[in-house]
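The residues making up each chain are set out below.
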Amino acid sequence: MSRFLVPSAARSWVEIDLDALRRNLAEVRSAAAPAGVLAVVKANAYGHGTEPIVQALTSGVDLFGVANLCEARKVRATGTDRPIMILSPCLPAERAAAAAGGFIVTVSSASEALAYAEFGPVQINFKIDTGMGRAGAWWQNAAAELQAVTRLRGLSIHSLSTHLPVSDEDVAFTEEQLRSFGELLEELRPLAPGARVHVLNSAGIFRFGSFQSDIVRAGLVLYGAAVLPDVQDRLSPVLTWKARVTLVHDLPAGASVSYGRTFVAEKPIRTALLGIGYADGFPRQASNRGAHVLVNSTRCPVIGRVTMDQIVVDVSGAGPVAPGDEAVIIGRQGNQEIAVHELAGAAGTIAWDIFTGIKDRVTRLYSTEPSLPPG
Ligand SMILES: *Cc1c(COP(=O)(O)O)cnc(C)c1O
């Protein structure tokens, strides 16, 4: 029995299981212990909807992480009392408001920290570049930069952090990165007594948990998608993405399907149109790349090009199908499952991109009633 009240007129929707979310948080907590957990809820909580996700997690996490000031305000507006860290650099024009909002800001240099000093008191996440090549003070200059930061008034150093570029791909590089960051911390910690250390992302938490830190930054795994395949059975997918059949068609051999006529039926086929397209976030790049959806608990190939509002699937092997029937884009139906990683693979991208690409046109439904419907 479905725990979701699905409008019969919904063309495409996601069902979000908040109990699964909390189970994943418990897994992360036990893998990370004794470190605390920063729940990464940037990009509309990885497409799952900021408000219900923050409200479901708030009692079990130590702080929240977002990408920018606008998202920080959205998280604050949920009513959570947890600290909120802005993980990317703020624009110069955002600094005063970020400080006034009481958000923890990420800075990469003493000069960037200085720009906050006039707005103090401000809590700072001092970031160090140990191999990501994105933000952060270059590790060889980190001690000097941090020392200069400590001399500025109005600022307190909440944390010292770095980011792992290949925690899911290159164990040797990551081990060396963690070893040298550990060494660097011996120099940095005395400069910022009381600062908390955080390094590990989703892949890092489960593979490099032996690295001692005070906080982990958990993103994708909270939403139930493992970064490392051997971790998947400890996690519960949070999101199921569905669409309805809008029309069923029989096509003769030789008929072509969709724009560009890239698919031609070799034999007579039965097709179903689904009310989902790239304007809903179904990736156009998955056209003719072996993507499947589930109809009647049967894997059905997506054929021809993905269009803005519709996709065509071959339901010849799926038994009776009628307009209004549910198809599963990501998730389970019967004993079949399409994992987010499968759709991402067909589109030549990653699970993060698929989740955050689910558009506003797709209704979000929650297993337990959030205080406000999102959007
Ligand atoms: C987005 C982000 C994370 C979360 O990454 P996952 O792989 O989804 O766990 C962690 N740290 C920083 C700095 C981030 O920007």
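Residues numbered from 1 in each chain as written. Predicted model: local features only at pLDDT ≥ 70, side-chain atom pairs only at ≥ 80, totals over all residues. Heavy atoms only, no water.

Undergrad: Just checking my understanding: could you explain the overall build of the protein chain for this structure?
TA: Helix and strand content of the protein chain: 11 helices and 20 strands. Against the globule reference of 21 Å for 375 residues, the protein chain gives a C-alpha radius of gyration of 23 Å, in line with a compact fold. Over its C-alpha atoms, taken along the principal directions, the protein chain stretches across nearly 75 × 45 × 35 Å. For the protein chain, the proportion of its 375 residues judged to be buried stands at 53%. Across the protein chain, contacts joining residues at least 24 apart in sequence account for 64% of those joining residues at least 6 apart. (Helix = DSSP H or I, 4+ residues; strand = E, 2+ residues; numbered from the N terminus. Rg over C-alpha atoms; globule rule 2.2 N^0.38 Å. Buried < 20%, exposed > 50% of the residue type's maximum accessible area, 1.4 Å probe, protein only. Contact = heavy atoms within 4.5 Å.)

Undergrad: Even after reading the chapter, I still don't get the side chain of D129, so can you show me in this structure?
TA: Tracing the sequence through the fold places D129 in strand β6 (residues 122-129). It turns out D129 is buried and unbridged, and the closest side chain with the opposite charge, K127, is 8.7 Å from it. A polar side-chain atom of D129 sits 3.2 Å from the main-chain amide nitrogen of M132. Dropping the residues within four chain positions of it, D129 is found in contact with R134, A135, G136, A137, W138, W139 and T162. (Lys, Arg positive; Asp, Glu negative; His and termini not counted. Salt bridge = Lys/Arg side-chain N within 4 Å of Asp/Glu carboxyl O. Polar contact = N/O pair within 3.5 Å; in protein donor to acceptor, adjacent residues only side chain to side chain.)

Undergrad: Could you clarify how one ought to interpret helix α4 (residues 69-76) in this entry?
TA: For α4, the full list of buried residues reads L69, E71, A72 and V75. Along the long axis of α4, the arc covered by the buried residues comes to 160 degrees, so they all point the same way. Buried residues belonging to α4 abut α2 (42-46), α3 (50-57), β3 (63-66), β4 (84-86) and α5 (95-100). Residue N68 occupies the N-cap position of α4, its side-chain oxygen lying 3.2 Å from the main-chain nitrogen of C70. (Arc of directions from axis to C-beta.)

Undergrad: I would appreciate a short explanation of the side chain of T50 in the present structure.
TA: Take T50: it is sitting in helix α3. Residue classification places T50 among the buried residues on the basis of a relative accessible area of 5%. The residues contacting T50, other than those within four sequence positions of it, are N44, A45, K74 and V75.

Undergrad: So what exactly am I meant to see when it comes to the site of the ligand here?
TA: Around the ligand, the neighbouring residues are V40, K42, Y46, L87, K127, H163, N201, S202, R217, G219, L220 and W352. In the model, a nitrogen atom of the ligand is placed 2.8 Å from a nitrogen or oxygen of the R217 side chain. Between W352 and the ligand, the recorded distance is 2.8 Å, taken from a side-chain N or O atom to an oxygen atom. When the residues that make up the shell around the ligand are grouped by side-chain class, the tally is five nonpolar, four polar and three charged. (Near = heavy atom within 4 Å. Nonpolar A, V, L, I, M, F, W, Y, C, P; charged D, E, K, R; others polar.)

Undergrad: Before we go on, may I ask you to explain the environment of K242 in this structure?
TA: Looking at where K242 falls in the secondary structure, it is placed in strand β11 (residues 239-251). The class for K242 is buried, based on a relative accessible area of 11%. Put simply, K242 and P229 are 13 residues apart on the chain and 24 Å apart in space, counted from C-alpha to C-alpha. Of the polar contacts made by the side chain of K242, one reaches the side chain of E15; its length is 3.2 Å.

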